[in-house]
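What follows is each chain in one-letter form.
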Amino acid sequence: MEGEAGEAPGLGRPAASKDFHFHHMDLYDSEDRLQIFPEEDTQMRREVVQAEMTNKSREPMKGKAQRDLEEEVDELVHLYGLEDDHELGDEFTDKSTPRIEVSEYPPYMMTGREPLREQRDWRLSGEAVKAEDLGFGAWGSAGQCQDLREAYRYTHGHASEEYECYVIPEEEDEEEAADVFCVTCKTPIRASEKVFDEHKEHEVTPLSKALESAKDEIHKNMHKLEKQIIEMENFASHLEEVFITVEENFGRQEKNFESHYNEILETLAQKYEEKIQALGEKKKEKLEALYGQLVSCGENLETCKELMETIEEMCHEEKVDFIKDAVAMADRLGKFLKTKTDVEISAQPEFEDQTLDFSEVEELMGSINTIPAPSAPVINPQAPNSATGSSVRVCWSLYSDDTVESYQLSYWPVQESSSGKDRAEFTMTVKETYCSVTNLVPNTQYEFLVTAQNRAGLSPASECAVYITAPCPPIMKSKEIRSCEEAALICWESGNLNPVDSYTVELTQAETPGASGVTESVVGIPTCECLVQLQPWQSYTIYVRALNVGGPSARSEAATVHTTGSYFRLNEHTCHPWLTVSEDGLTVVRSERKAPTREPLPSDTCFTRCVAVMGNLIPVRGRHYWEVEVDECLDYTVGVAFEDVPKQEDLGANRLSWCMRHTFASSRHKYEFLHNKTTPDIRITVSPRKIGILLDYENSKLSFFNVDISQHLYTFRCQLHQFVHPCFSLEKPGCLKIHNGISMPKRVTFY
Amino acid sequence: MVFQFFWRRMALKQISSNKCFGGLQKVFEHDSVELKCKMKFAIYLPPKAETGKCPALYWLSGLTCTEQNFISKSGYHQAASEHGLVVIAPDTSPRGCNIKGEDETWDFGTGAGFYVDATEDPWKTNYRMYSYVTEELPQLINTNFPVDPQKMSIFGHSMGGHGALICALKNPGKYKSVSAFAPICNPVLCPWGKKAFSGYLGTDQSKWEAYDATHLVKACPGTQLDILIDQGKDDQFLSDGQLLPDNFIAACTEKKIPVVFRLQEGYDHSYYFIATFITNHIRHHAKYLNA
């Protein structure tokens, strides 16, 4: 076991990496390669230059010494630009040497050239190795090398040009650094060079810019490569799985073969024993019979001989004696001759045709290849969190003795109504003992069963297992989200037709831009809303996921919550029909047009008589502050009310609402602070244009302020046994604009 | 140093000191330069005053009162203690100046200084209550007690309410806030005011307007003061036309001077009324003094 276990990864890795290489190569289409190559250019060209420098050193030193170096370089470059065949020959041709010498050189040239080629190739593969080390993927394969070589040849021309550019600064003026980039030659040069050298005609860019673009290019390619690495890693892990499966299957097959061969051998040995024994018995029987015959035959022979002797003796006797004896003899002889001499061989000497019965063996032999059909696989129950909205991963196992070629996985959605007759059933064939089934409907139960199969046939079907796909992401009801400094009420819709098990709310504090991870999760929420505790004066990004046994859904759309002040929107369900609530839920308008004559029907949720609307304040017992922008001449009522405030009554006309009402008549402002139809007598000299409202559950107070001059107007002491909501009404056409999600002015806190 | 010590000893004589809501309610006597007589004033030092400087809130009492009425009847100590305010309550007039007629009526002379600087004989020597409460007393307090000279506010009741309003309106920026209980809002037009002003300031009514809150508002270029006024609805002096808050409110409305005027149902002119709303007023001042 240990050896096997040790061996498995050893075997697995080369196999995987081999595939890895090939696969990788396949992924590189020619375009990719070209894109990748230029990055390598500079480095590679440098290598090439070195290679050429080495090559150059072979040149006769005397010639070199005599010549102006620069000229020689130019010459070399020029020659390199020529056809390959002449290139090196010319290179080795001394300028002063007569042209004829060239023809004498070719053999030498070729030998001189071959090592160079090799060297180049070697350097190329060296480059490739480097590239691989840098995570650029596998380059070492033969096909890739070929491509590289081609690419190399392609760049070769450039390289020779480069050569010149490269050598000059070295030999002429070393301290002056290159400061611009020749685009044509793809090399850094000195700006001064640009003026008189062959770069005159070339396009140049500042070195930093060139560097920048080169870096960009590298980064782009690196991203591409990173992506490929991830793909490769996935592929490799898949291969590993396949590898293990194959190994297991073959192991089983081997064992199976071994046992079958042993069985056959045993059977044969048994047969052999039986035959041998039977033959031996037969042999003994025959020999015994023959021996018996031989003995009796000998006896007869003795008797015959004795008779002959007796007769011969008689012939020599007297006549009387002879006659006497002859008669007796004749009797005896007659008697003897009467006894039949058995000359038939009792036992057949020839071997009887023994038919060997190999049918059993044949059957066994045959059964080596005809493995028994597998037994029913065991389907696993769904692993938690293994599903997505459209897929599940079904797993099963087989009995270790079974040899399975493939499995047939059948599934169908669980439907309560139809009893499986007209159900849509799907079947797929897989080799592994798992399968990711895709294209499923979210949050839906599917029944799965699996059948194993080999050459011998199908196994019985496994039990049915019910798997469920993960739900759809919930739909954030961003319009209903409300918050205060300590908490937020997140609301969403399920987004799924079938019920889900629970929801998870994920909170990410936006203050930390680097941290992308989830900082906090609230799990196991049974309903479609959740009150989450937050830190004041922060921004949060909030997501919701739906969960079932199969796993979590994808994230819902993000909702952003700022815990500065209290934030709410107007609740359109409570809105009197004559009022219009703006898109942002913070402005309410009663338009100038003549109101419909017909009064709306009384309702429990919507204001019908009082032209009012409620805000959706978060149900948190703390302090909430908001402001209302009003017109000085507008008749309005602002305040708070319980949710079940009678919608047919005016605000402040009952014990369930506390309001500030402003009426403007005959150029006089009247301010009332109404609760249960009563108001204190309060006169205010400066008409507020913005009213601040502070609801303080802790101290059971509701205060009103003139925001602009931070003047306290009035404070109600109210017993708030339940949660109240902001309410607003317009007795005349006009508009109220609510400001919330703002921090409380400091002076407000004194009341 | 010796002189200063001596001066201070001479200047302030502690009459009483009682612990109250963690702080100390004290009464001092001193020789007033402005009023040329011995004057008593009450001062409450909240617990916070032991460790640092506190804002100063001046209370001006109404007719007939001394420094004692407010400190014994209004029940302001708890709020002052909580908000960390030093509350100073001076007397309402010079006393014992032996001016003829000073004790004849309750609404003129002793106990009825009306917070004006008298210009008429025989009152002009001693009856300089305006200068006393706006200059001398604050200086004395700032020198001798742990108060923040930058943070002072003023409030008062009835005649003191009138005093508070005129002090605040005549000295923009000097007081952070002002409030009043049943103030005499338009003394020029009410019997009390007419009597007092004609006595202290003479018959030229145009001089009276300098001490009339309603007139001061009308002449006011605008102020950031947030004025809080509480008025009992069953106040007999309201119905007698001594207080005339409507005139003041009308003027403030016209000049856009922020006032919250609360007509409190069923309350009269007494200290019971003051005690009911004193906490509101102290909070009103604390909002500006502790901001």
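Residues numbered from 1 in each chain as written. Chains lettered and ligands numbered in written order. Predicted model: local features only at pLDDT ≥ 70, side-chain atom pairs only at ≥ 80, totals over all residues. Heavy atoms only, no water.

Quick look at the sheet that holds strand β9 (residues 259-264) of chain B now. The pairing of strands in a sheet comes from backbone hydrogen bonds and takes either a parallel or an antiparallel form. Pairing is mixed in the open sheet, where ten strands are placed in the order β29(A)-β9(B)-β8(B)-β7(B)-β6(B)-β4(B)-β5(B)-β3(B)-β2(B)-β1(B). For this open sheet the edge positions go to β29 (681-684) of chain A together with β1 (13-20) of chain B, each flanked by a neighbour on one side alone. Strand-to-strand, the axes of this sheet are offset by a mean angle of 20 degrees, without reference to chain direction. The sheet contact formed by strand β4 (residues 54-60) of chain B and strand β5 (residues 86-90) of chain B spans three bridges and is parallel. Each residue of the ladder has a partner; that of B:Leu57, found in β5(B), is B:Val87. Contacts from helix α5 (residues 159-170) of chain B reach β4, β6 (147-157), β7 (178-181) and β8 (227-232) of chain B, with the element oriented near 140 degrees to β6(B). (Pairing = 2+ DSSP bridges. Helix = DSSP H or I, 4+ residues; strand = E, 2+ residues; numbered from the N terminus. Axes fitted to C-alpha atoms, helices over the stretch in contact; angles between N-to-C directions. Contact = heavy atoms within 4.5 Å.)

In this section: the confidence of the model for chain B. Detailed reading of the predicted coordinates is not advisable wherever pLDDT is low. Residue and element names in this part refer to chain B. On average, residues of chain B carry a pLDDT of 91, and 97% of them reach 70 or more. A low-confidence stretch, residues 1-9 (pLDDT under 50), is modelled with one contact involving residues beyond four sequence positions or located in other chains. This complex was scored by the predictor with a pTM of 0.62 and an ipTM of 0.87. (pLDDT = per-residue confidence, 0-100.)

To continue, consider the packing of helix α10 (residues 207-315) of chain A against helix α11 (residues 319-338) of chain A. Think of two packed helices as two axes; the pair is described by the angle between the axes and how far apart they sit. Residue and element names in this part refer to chain A. Put simply, α10 and α11 touch, their axes get as near as 10 Å, and they point 165 degrees apart. In terms of orientation, α10 lies roughly antiparallel with respect to α11. Crossing hand, α10 versus α11: left-handed. Contacts between α10 and α11 involve Asn300, Thr303, Cys304, Glu306, Leu307, Thr310, Ile311, Met314 and Cys315 from the first element and Phe322, Asp325, Ala326, Met329, Arg332, Leu333 and Phe336 from the second. A class-by-class count of the residues in the contact of α10 with α11 yields ten nonpolar, three polar and three charged. (Parallel < 35°, antiparallel > 145°, perpendicular 65-115°, else oblique. Left-handed = near helix turned anticlockwise from the far one by under 90°. Nonpolar A, V, L, I, M, F, W, Y, C, P; charged D, E, K, R; others polar.)

Let us look at the pairing of strand β34 (residues 734-739) of chain A. Residues and elements named next belong to chain A. Judged from the four bridges that link them, strand β23 (residues 587-590) and β34 form a sheet pairing that is antiparallel. Counted as the bridge partner of Arg590 is Gly734 from β34. Where strand β25 (residues 623-629) lies against β34, three bridges are found, and the strand directions are antiparallel. In the sheet register, Val628 faces β34, and the bridge partner there is Ile738.

On to the state of the cysteines. A full pass over the atoms with the stated rule returns zero disulfides over all chains. You can see A:Cys304 has no disulfide; the closest cysteine sulfur is in A:Cys297, sitting 9.3 Å from it. For A:Cys304, a relative accessible area of 32% gives the class partly exposed. A disulfide-free cysteine, B:Cys37 has its sulfur positioned 4.1 Å from the sulfur of B:Cys97, the nearest such atom. (Disulfide = S-S within 2.5 Å. Buried < 20%, exposed > 50% of the residue type's maximum accessible area, 1.4 Å probe, protein only.)

Here the focus is the UniProt feature "active site" (unreviewed entry) in chain B. Residue and element names in this part refer to chain B. When the UniProt feature table is mapped onto this chain numbering, "active site" (unreviewed entry) sits at Ser158, Asp235 and His269. Spanning 112 residues, the annotated positions come together in the fold, the maximum distance between their C-alpha atoms being 10.8 Å. Relative to the assigned elements, Asp235 resides in the loop between β8 and α9 (236-239). A distance of 3.0 Å separates polar atoms of two side chains, one belonging to Asp235 and the other to Gln231. Tracing the backbone through its elements, the reader meets His269 in the loop between β9 and α11 (271-289). Not counting residues up to four positions away in its chain, the partners in contact with His269 are His157, Ser158, Ala182, Asp235, Phe237 and Leu243. (UniProt positions renumbered as here; feature names shortened; annotations may be inferred. Polar contact = N/O pair within 3.5 Å; in protein donor to acceptor, adjacent residues only side chain to side chain.)

Right, let's get into a nonpolar patch on the surface. The grouping of A:Tyr272, A:Ile276 and A:Leu279 at the surface amounts to a nonpolar patch, some 280 Å² of accessible area in total. Of note, A:Tyr272 is situated in helix α10. (Patch = residues over 30% accessible without salt bridge, like charges linked within 9 Å, V, L, I, M, F, W, Y side chains within 5 Å. Areas by Shrake-Rupley, 256 points an atom, 1.4 Å probe, with all protein chains shown as cover. Salt bridge = Lys/Arg side-chain N within 4 Å of Asp/Glu carboxyl O.)

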